[in-house]
Structure formats: structure tokens, C-alpha cells
Amino acid sequence: MAPRKKHSKSDSKQTRFVEDDHRQHPIHQKSNPAPQETRVTQPRALNISGDTRQSTISPGSPPGLAVNVAPTLVNCALNYVNFLIFKSPVRLFEFCDLEIMPGFLRRCCQAMLAEQWKHQLPIIQTKSPAVLAATILESALDKMTSTGNNSKLTVIDFCAGGGGPTPILERTINAARAPAGKIPLEFLMSDLYPHIDAWMASSSSSDHLSFIPQPVDATSPPIAALSTESTEVHSKNGPRSDTRVFRLFCLAFHHFNNDMAKQVLDSTMKTSDGFAILELQDRRIGCLMLMLCNFFLTLLVTVFWFKFWHEPLQILFTYVCPILPVVLTWDGIVSCLRTREFEEVMRLVQENTGPLVITTEVQDDGVHIKRCNTAEWVFEGGRRRHTFPFGYLNWVTGRKVSSKDSGSNR
Ligand SMILES: C[S@@+](CC[C@H](N)C(=O)[O-])C[C@H]1O[C@@H](n2cnc3c(N)ncnc32)[C@H](O)[C@@H]1O
């Protein structure tokens, strides 16, 4: 476990070293003008070209302060004790990644994850994680459709599992677009191990939700899943899709080791127009403790969320032979340990793009947004609490921008 340290007070004019949970990072003052929506803006650039891990959030913040918390005493105290437990992601095996994992057990696990996205737990959740995710995704997608480019946009969930939050994302986002007269977006589910039964059930209730029945590997997607605007991969007269593409990775990006993750990001930046990485977990001590409770949560909720006559295996392998609570708890803990912070995702991007600089902004509602630009892409990241006290939705979005885009669209 990484020891906690206090802030260093040794500032210099150009570059200062600030200690976070683990180590010292060079922080460069940045003189960018504040974007309009920010209240406090002391954008500090974290140069991630060196060996850095985590930026500070704002001057005077206690180390490890989570982004996106109202500045209440309770939240500050909770975040102070909720520190990163390992200084970089740790990769152990997950049962559901093993090829020898029987398909019916993998599908039971995927079904449980989809339910966990869907339901709002009493008292400790103010809304379901899927509805929370929809607010983040809606804003990212709005920026992509408000640039004057009105060509078709499809959101492709590359690791959909049992559907995850995607049916709710589709419903919520398209319902929010309708009153504003915006055209509905298409949503597609795909996976290396397609869960056809679940996808047929959820897509039958929407005209804008569908799926790719063949296995799709996120590291090398088929032509149908590539943006029509990507020039690099399409031969002149060869087949191409008819849509721009926004790639979605829900509870999935941590499944890729660094080499695969770099491949996925490289392919995403070359053949799509935007993406979102959504993780409901992180490497902080609080989340690990919550994940341990997943064993009891699974036992508690399965009987309410699944009907015996519809999903007898779910009930059987939860209560009679409790393989599912064990697998879900183990995979959940390993997922926490594998999850990357925003800076760690940007460091992978940087291997494809060259040195990047991260700035942090505090919005009116106290939400901290981290930002990072290249000539062609804008990346943003942050955290929103989904479960009291330590469950956070950690998100990273990216969108392609053209040189014509300016101001808030960049
Ligand atoms: C933890 S599940 C998440 C499922 C769903 N997105 C959710 O949030 O409930 C991770 C999913 O990633 C899929 N996956 C893993 N590696 C993949 C790859 N290389 N390409 C596509 N899907 C992959 C797995 O099959 C699994 O369904």
C-alpha cells in the first residue's frame, strides 16, 4: 500500500513539484484562458511526457482528493481516506476472461453486471449507474453533433456483454434529444463473445438499438464498425460504413493490457470520431472495500432481480452452488486493481501522438474536469459518485475535432 504524503511547499516559478498519493510530479503553470463554464480556474498542466502518474486537483486540496465532490466536510474527509492503493494498475486474472470459462457462467456474470447498471439501490444510490452514465455520454455526444456535422452518428458498444447500460443509455439519450428536435442516434451492441439472447430482448423494444451478431474484437474491428470518415482504412472503391462512429467501452477498458489498450486507442483514433471509457470502479481503497461487499450484494439482490422460471441458472449458481457471488467478487476486485486513472490512459494515447499536457478545471458545481488536447482530438476525464460512500464512475471521453472547431467545441 502506498504511503500517504503531505504537499510539498517548495514551489519554483516555472515548475513545481507537488506530492500526491505516491510520488512527486513536475507541474507546469499554464496560462490558457479559462473556458467559459469554469468558476475557479487555475489550470495547471501536468506534463505527462515524463514519469508521472496523477495530477493534483487544485491548490490546497488534500492529497488524493477525488474529483467531483461538493466541498463539504464529509466528502473531504471521505476522500482524504480514500487513497489509491497501488501506484499503477495491477494485472491479475479475471475468471470471465478465461477461455475455459463455460459460456453459460460468463453470460450469468454479464447479466448480473447489466442489472447492476440498471437498478438504483435504495439509500446509497441517488440514481442508477446507467442514468448517471447517460448524463456524461449525452454531453459528449452533444458536442459531436453540435459542430455543424450532421452526418449520421452511431454509438457502438464494443464490449457490450449482456448489454450493460447501453439499452438505458439509448433510451435516455434519445429521449433527451427528441424535445430539442435533434435526430435520434443509433446504438449498436457488439462483443468478442456476443450475448445474442440478451441483445435480442433489449433491442426488440427500440428502433434505434441493434447489435452485431458476429464476434467483434475491439483491437481490430470489422469495416462495418469503422467510421465512414476515416480515410486510412478504406480502399477507394471498397466497402465502407455509412456512419460516423462513437465507440463505447463500459466496464471494459481495464480488460485490455497495455499493448492491447494501445492498439484499441490507436484504432479508435484512426477509425472513429469519438469514444467513451466508463468504469464503475477504481484502485482506491474505498472501492475495493465496496467490491468485497459485492459477494453479499449478489446474494441479497439476485432473488429480486432475476425470476427463477426465466433465469434458473442465475438462481442455481447464486444460492445452491454459489459460484456467481465468488466469481463476481473476485473479478470485481481484479477490475478495481486494473483500472487506469485519466493520466494513465493519456500516457497510452501519448505513445501514439507525442507529448501531451493535462489541465484541470473546476466547474460551478464543484465538478473537476481534466482535459488534454492534440491537434485532432480533445480528451476529457472525471469522476462522479454512483454509490455512497466510495463508488465512483470514472470516465474518459475523446472526440475528433477539426481545425475549424473553436471555443467550447475544442
Ligand atoms: C466486464 S464485461 C462488461 C460488459 C458490459 N459492457 C457491462 O458493462 O456490463 C467486459 C466485456 O468485455 C468483453 N471483451 C473482452 N475483451 C474484448 C475484446 N478484445 N473485444 C471485444 N470485447 C471484449 C468481454 O467479452 C465482456 O463481455
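Residue numbering note: each chain is counted from 1, following its sequence as written. Note on the predicted model: pLDDT of at least 70 is required for a residue's local features to be given, and 80 or more for side-chain atom pairs to be given and counted; whole-chain, interface and lining totals, by contrast, use all residues.

> Quick question: what am I supposed to make of helix 2 (residues 103–118) here?
Since the α-helix turns once every 3.6 residues, residues separated by three or four places project in the same direction. We count a stretch as a helix when DSSP gives it H or I for four or more residues in a row; a strand needs E for two or more, and each element gets its number in order from the N terminus. Every helix has an expected span of 1.5 Å times one less than the residues it contains. Look at helix 2: 23 Å from first C-alpha to last across 16 residues, which is about the 22 Å you get at 1.5 Å a residue. With C-beta atoms placed from the backbone, the exposure class of a residue follows from how many other C-beta atoms lie within 10 Å of its own: 20 or more, buried; 12 or fewer, exposed; in between, partly exposed. Those residues of helix 2 that fall on the buried side of the exposure criterion are R107, C108, C109, Q110, A111, M112, L113, A114, Q116 and W117. Packed against the buried residues of helix 2 are helix 3 (129–145), helix 4 (166–177), helix 5 (196–203), helix 8 (294–305), helix 9 (312–320) and helix 10 (323–338). Whether two residues are in contact depends on their C-beta atoms, placed from the backbone: they are in contact if these lie within 7 Å.

> Hey, could you run me through the confidence of the model for the chain in this one?
As a note on interpretation, predicted positions should not be read in detail where pLDDT is low. Mean pLDDT over the chain works out to 83, with 79% of the residues at or above the 70 mark. Segment residues 1–46: pLDDT under 50, and 95 contacts once partners within four positions in sequence are set aside and those in other chains are kept. As a per-residue measure, pLDDT tells how confident the predictor is, with possible values from 0 to 100. Every residue in residues 49–70 is under pLDDT 50, and counting partners more than four places away or in other chains gives 68 contacts.

> For this particular structure, what's the right way to read the pairing of strand 8 (residues 244–250)?
A regular strand places its side chains so that they alternate between the two faces of the sheet. The buried fraction of strand 8 is high, at seven of seven residues. Residues R244, F246, L248 and C250 point to one face of strand 8 and V245, R247 and F249 to the other, with burial holding for every one of them. Strand pairing is assigned whenever DSSP detects at least two bridges linking the two strands. Where strand 8 and strand 9 (residues 274–279) come together, five bridges link them in parallel fashion. When the bridges of strand 9 are listed, F249 appears paired with I277. Consider the strands pointing away from the viewer: the crossover is right-handed when the path from the first strand over the helix to the second runs clockwise. In this region the chain leaves strand 8, passes through helix 6 (residues 258–271) and returns to the parallel neighbour strand 9; the handedness of that crossover is right-handed.

> Please explain the UniProt feature "transmembrane region" (unreviewed entry) in the chain as it appears in this structure.
Feature annotation in UniProt places "transmembrane region" (unreviewed entry) on residues 287–309 and 315–337, given in this structure's numbering. When the span residues 287–309 is considered, its composition is 78% helix and 0% strand, and the gap between its end C-alpha atoms is 34 Å. Structurally, residues 315–337 is divided into 91% helix and 0% strand, and its ends, taken at the C-alpha atoms, are 28 Å apart. UniProt positions are given in the numbering used here, feature names are shortened, and annotations may be inferred rather than shown by experiment.

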